[in-house]
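Structural overview for review
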Amino acid sequence: MSRFDLLKSLVRAGADRAGDRLRSVGPLATARRLVRELRDQRASIGDRALTGAVAHAPGVRSATVTARGGRLHVYLSVGNESIDFSLEPLAVRFASRGAKEISWSVEPAELARNRSVRDAVSALSGVIAQSVWAVVLQPPPDDPCGAIVDVDGPGGLRVDLRTVPAVRDAASRSAAALVFEMLTLERISVEDGTLELQIALPSLTGA
């Protein structure tokens, strides 16, 4: 089976049909939504899902994430501390057989070095990876945290989606590794109520 045949199979069926190498995408409704989003080359993550991801970050007692005005506005209650900050997606860098990076601007800038803020970005990275590569990351992990987040200049954070634990685990399977290379994230934008992901697909008619 060629790589184009494999991807067409995944997109059209919305599930793993390449032997036993990949896992099922789950219920029929989930598969239909996934196929529709892949064909539209986009995925949307709503405030509720973003909040749920950040709520899994270490030590978080409560969390709220609201997408508005081009930024994710995040409130965390960690221990006896309350942290308010916002994130703006700056850049997406996907290299063939290389890094799959997202860069963020943090406001206030000094909070980029705060451990709880970096943990929240790690959790968001997990749910973003799940949305981009859902065909091979099903069922979704209970805990989206674990990606490595690096400080990237004043007020900046950078995360490589390859360090998301679910991605790292799945990458050992050859078919999953192929999908990680073929389905790539082209752009992130913040709309009111959603984080929008523009997914780049190779031609599904390729020879």
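Residues numbered from 1 in each chain as written. Predicted model: local features only at pLDDT ≥ 70, side-chain atom pairs only at ≥ 80, totals over all residues. Heavy atoms only, no water.

1. Notes on the nonpolar core
Basically, it comes down to this: For the purposes of this section, nonpolar cores are sets of buried Ala, Val, Leu, Ile, Met, Phe, Trp, Tyr and Cys residues that join through side-chain atoms within 4.5 Å. Type-normalised accessible area, obtained with a 1.4 Å probe on protein chains alone, sets the label of each residue: buried when under 20%, exposed when over 50%, and partly exposed for intermediate values. By the criteria applied, helices consist of DSSP H or I runs no shorter than four residues and strands consist of E runs no shorter than two, each listed in order from the N terminus. The contact criterion used throughout is that any non-hydrogen atoms of two residues lie within 4.5 Å.
Judged by nonpolar contacts, the single largest core of 55 residues is most densely connected at Leu72, Leu76, Phe85, Ile128, Trp133 and Leu195. With nine residues, helix H4 (residues 115-132) is the single largest residue contributor to this core. Residues in contact with Leu195, not counting those within four places in the same chain, are Ala43, Ser44, Ile45, Leu50, Leu72, Trp104, Ile128, Ile188, Ser189 and Val190.

2. Some details on the pattern of salt bridges
Note the following rule: Whenever a carboxyl oxygen of Asp or Glu lies within 4 Å of a side-chain nitrogen of Lys or Arg, that contact is scored as a salt bridge.
Scanning the model with the defined rule gives seven salt bridges in all. With its nearest N and O atoms 2.7 Å apart, the salt bridge here joins Arg162 to Asp160. Judged by its relative accessible area of 40%, Arg162 is partly exposed. When salt bridges that share partners are traced, they join Glu101, Asp150, Asp152 and Arg158 into one network.

3. Quick look at the packing of aromatic side chains
Our working rule: To pair, rings of Phe, Tyr and Trp, with the six-membered ring standing in for Trp, must have centres within 6.5 Å; the planes then decide the type, stacked if under 30 degrees apart, edge-to-face if over 60, and tilted in the middle.
The full count for this structure, using the stated rule, is two aromatic pairs. Between Phe94 and Trp133, the ring centres sit 6.0 Å apart and the planes meet at 35°, which makes this aromatic pair tilted. One end of the pair, Phe94, is in strand E4 (residues 81-94); the other, Trp133, is in the loop between H4 and strand E6 (149-151), and 39 residues separate them in sequence. We classify Trp133 as buried; its relative accessible area is 1%. Ring geometry for Trp133 and Phe180: centres 5.0 Å apart, planes at 70°, overall edge-to-face. With Trp133 in the loop between H4 and E6 and Phe180 in helix H6 (residues 174-182), the pair connects residues that are 47 residues apart, well separated along the chain. One aromatic cluster in this structure is built from Phe94, Trp133 and Phe180.

4. Describing the pairing of strand E2 (residues 60-68)
Cut-off, in case you're wondering: DSSP-based pairing: two strands are paired if at least 2 bridges between them are found.
Two elements, E2 and strand E3 (residues 71-78), share eight bridges in a ladder whose sense is antiparallel. Following the sheet pairing, Arg68 is matched in E3 by Arg71.

5. Some words on unusual backbone geometry
Across residues other than glycine, the phi torsion is negative in most instances, and most of the peptide bonds are trans. The residue after Glu107, namely Pro108, is reached through a cis peptide bond having omega 0°. Looking at the element boundaries, Pro108 is found in the loop between strand E5 (100-107) and H4. One non-glycine residue with positive phi stands out, namely Arg97, at about 60°. Its location among the elements puts Arg97 in the loop between E4 and E5. Residue class for Arg97 comes out exposed when judged on its relative accessible area of 76%.

6. Brief notes about the confidence of the model for the protein
Applied cut-off: Every residue gets a pLDDT, meaning the predictor's confidence in that residue, from 0 to 100.
Averaged over all residues, the pLDDT of the protein is 82; the fraction at 70 or higher stands at 78%. Across residues 12-28, confidence stays below pLDDT 50; counting only partners more than four residues off in sequence or on other chains, it has 39 contacts.

7. Details of the sheet that holds strand E7 (residues 156-160)
Threshold: Angles run from 0 to 180 degrees between N-to-C directions of axes, and those axes are lines fitted to C-alpha atoms, restricted for helices to the stretch in contact.
The sheet built from six strands is open, its strands ordered E2-E3-E4-E5-E7-E6 with antiparallel pairing. Where the open sheet ends on each side, the last strands, each with one partner, are E2 and E6. The mean angle between the axes of side-by-side strands here comes to 30°, regardless of whether they run parallel or antiparallel. Relative to E7, E6 runs antiparallel, the two sharing three bridges. Directly across from Val149, in E7, lies its bridge partner Val159. Sitting on the sheet, H4 touches E3, E4, E5, E6 and E7, and the angle it makes with E4 is about 45°.

8. Some remarks on the sheet that holds strand E9 (residues 194-200)
On the basis of which strands lie adjacent, the open sheet formed by three strands has the order E1-E9-E8 and antiparallel pairing. Each edge of the open sheet is held by one strand with a lone partner, namely strand E1 (42-46) and strand E8 (184-191). Each neighbouring strand pair of the sheet contributes to a mean axis angle of 20°, computed without reference to strand direction. Here E8 runs beside E9; their pairing, made up of seven bridges, is antiparallel. Each residue of the ladder has a partner; that of Glu191, found in E9, is Thr194. Sheet contacts for helix H3 (residues 47-54): E1 and E9; angle to E1, the most-contacted strand, approximately 70°.

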